[in-house]
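Here's the letter readout for the chains.
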Amino acid sequence: FATVGLVTQIEGGAFGVEGNKASAEPVRVGKGVLVGDRIWVERASVLRITDTQGGRITVAGPAAVEFMKRDRSQVSVKIFKGSVKFNASEHQPIHFENAFLSGTVKGEGALWASDNKAQVLGLAGEVQTWHPHLEKAVVKVHPGFFAESAMALKYLQPRKPVRANTQQFQEFLSRFD
């Protein structure tokens, strides 16, 4: 198993299942995160991971995520539900996947996902998203804009990004405080 990163901060509760095990254990600061690990973050809790390239991944609960590597070095996070903020290292983008949206972050971005909807917010640098089945239909999400995709939408690709107003922006980011 390849190492994805290291848990650097926990506020509240989180538990995880290592890729090759069946039982969950509490996640603690200093724990290594490996490819295949699944982590659940409890309501009103926050977990921070520093990846092997120096990027940071913040998971705000309630959330469920799985850590993977897309290739030999690129971190990939599969988000089942919850809020995840990405701060990629200068030379290594972070990839994300969800049932409605996939994408890459070269800079800083965030994703929120529920059972039937997902939203991506651009914070800094380059954030790109697409539907998992339409990888060539890339939508660029500039800082201060968000794009969303949902079961109820007529088309697979994410909606054209719209500017987040101050309240939406603050509400989205408050999950990570």
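Residues numbered from 1 in each chain as written. Predicted model: local features only at pLDDT ≥ 70, side-chain atom pairs only at ≥ 80, totals over all residues. Heavy atoms only, no water.

### A short note on the pairing of strand β13 (residues 145–150)
To keep things clear, this is the line we draw: Summary of the burial criterion: residues with accessible area below 20% of their type's maximum are buried, those above 50% are exposed, and those between are partly exposed, where the area comes from a 1.4 Å probe applied to protein chains only. Working definition: helices are DSSP H or I runs of at least four residues, strands are E runs of at least two. Numbering for both runs from the N terminus. Pairing between strands is defined by DSSP: at least two bridges between them are needed.
The element β13 is largely enclosed, with a buried count of 5 among its 6 residues. For strand β11 (residues 117–130) and β13, the ladder comprises 5 bridges, and the chain directions are antiparallel. Among the inter-strand pairings, L121 is bridged to a residue of β13, identified as F146. In the sheet, β13 pairs with strand β14 (residues 162–163) via 2 bridges, with the strands oriented antiparallel. Paired with F145 across the bridge in β14 is R163.

### Remarks on unusual backbone geometry
The peptide bond linking G61 to P62 adopts the cis configuration, its omega dihedral lying at 5°. For P62, the position within the fold is in strand β7 (residues 56–69). At A44, a residue that is not glycine, the phi angle is positive and equals roughly 60°. Structurally, A44 is set in the loop between β5 (38–41) and β6 (46–51).

### Regarding the confidence of the model for the protein
Applied cut-off: pLDDT runs from 0 to 100 and stands for how confident the predictor is about each residue.
Averaged over the protein, the pLDDT score is 90; the fraction of residues at 70 or greater is 95%. The secondary structure element of the protein with the lowest average pLDDT is helix α1 (residues 166–174), at 85, and the one with the highest is β5, at 96.

### Concerning the pairing of strand β1 (residues 3–11)
The pairing of β1 with strand β4 (residues 32–34) spans 3 bridges and is classified as antiparallel. Looking at β4, one finds that G5 is bridged to V33.

### Some points on the packing of aromatic side chains
Threshold: Pairing of aromatic side chains here covers Phe, Tyr and the six-membered ring of Trp, requires ring centres within 6.5 Å, and sorts the geometry by plane angle: under 30 degrees stacked, over 60 edge-to-face, intermediate tilted. Here, over-ring charges are defined by two tests on the NZ atom of lysine or the CZ atom of arginine: distance to the ring centre within 6 Å, and angle to the ring normal within 35 degrees.
Taken as a whole and judged by the stated rule, the model has 2 aromatic pairs. Aromatic side chains F15 and W40 sit 5.5 Å apart centroid to centroid with 10° between the ring planes, which places their arrangement in the stacked category. With a gap of 25 residues between them, F15 in strand β2 (residues 14–17) and W40 in strand β5 connect regions that are remote in the sequence. Ring geometry for F86 and F96: centres 5.6 Å apart, planes at 20°, overall stacked. On the criterion of sequence distance, the pair formed by F86 in strand β8 (residues 75–87) and F96 in strand β9 (residues 94–97) is long-range, its members being 10 residues apart. The buried category is assigned to F86, whose relative accessible area is 1%. Here F96 falls in the buried class, since its relative accessible area comes to 1%. R175 extends its terminal NZ or CZ atom over the ring of F172, reaching a point 4.9 Å from the ring centre.

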